[in-house]
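Summary of the model geometry
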Amino acid sequence: IISEVLGPSKECEKRKKGKKNVAITVMESIYAAFMEVVNTRDVSEGKSLAQKPLSVTWSFFILVIISAYTANLAAYLAQEGELYPIKTIVDCNGKNCMMCFEGVPSLRAQVTNAYPNLRIN
């Protein structure tokens with residue numbers, strides 16, 4: 001029953017005798033569509049019955065591997081971590097780090113007066 005549903009109809013068999021342009025079965029069209037999605041070799045190439053499931057399996061495996069790599073890369077790049085664990089000027093002063101003030105001279109003067117031991121760039 002499955003081969004009758006998925007295979008070519010008897011009417012199609014009658015029409016294709018003597019013609020080059022042959023209608024394809026449902027399974028062949030599903031195979032061709034999947035191979036187009038994964039962008040593999042030209043689907044018009046003739047493949048044996050054993051080669052088709054093997055190439056579909058290999059293509060699906062490659063598709064899964066590439067999608068897993070892409071998902072892991074996106075997760076890695078989307079991580080939010082603290083770049084600098086210093087949250088206050090007191091932390092910076094305690095860890096002997098250097099504080100930068102660009103374009104704000106009034107703030108620089110206030111911080112210098114409040115924290116004389118702070119290293120300022």
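Presented here is an overview of the structure given in this document.

Quick notes on the rules
- Residues numbered from 1 in each chain as written.
- Predicted model: local features only at pLDDT ≥ 70, side-chain atom pairs only at ≥ 80, totals over all residues.
- Heavy atoms only, no water.
- Helix = DSSP H or I, 4+ residues; strand = E, 2+ residues; numbered from the N terminus.
- Buried < 20%, exposed > 50% of the residue type's maximum accessible area, 1.4 Å probe, protein only.
- Contact = heavy atoms within 4.5 Å.
- Areas by Shrake-Rupley, 256 points an atom, 1.4 Å probe, with all protein chains shown as cover.
- Core = buried A, V, L, I, M, F, W, Y, C linked by side-chain atoms within 4.5 Å.
- Disulfide = S-S within 2.5 Å.

A word on the overall build of the chain
In terms of helices and strands, the chain carries 6 helices and 2 strands. Reading the helices (α) and strands (β) of the chain from amino to carboxyl end gives α-α-α-α-α-β-α-β. Burial status across the chain gives 12% buried among its 121 residues. Within the chain, residue pairs in contact and separated by at least 24 positions form 21% of the contacts whose partners lie at least 6 positions apart. As presented, the chain carries roughly 10,300 Å² of accessible surface, and 61% of it is formed by carbon and sulfur atoms.

What about the nonpolar core?
For soluble globular proteins, nonpolar side chains are generally found buried alongside one another. Counting residues in hydrophobic clusters, the biggest one holds 6 residues: Cys92, Cys97, Met99, Phe101, Val111 and Leu118. Ignoring any residue separated from it by four or fewer positions in sequence, one finds Cys92 in contact with Ile86, Cys97, Met98, Met99 and Leu118.

Details of the state of the cysteines
Evaluation of the coordinates by the stated rule reveals 1 disulfide. Each sulfur in the disulfide pair Cys92 and Cys97 lies 2.0 Å from the other. Of the cysteine sulfurs around Cys100, a residue in no disulfide, the closest is that of Cys92, at 8.8 Å.

Section: unusual backbone geometry
With phi around 60°, Asn96 is a residue other than glycine that occupies positive phi space. Asn96 gets classed as partly exposed once you look at its relative accessible area, which sits at 48%.

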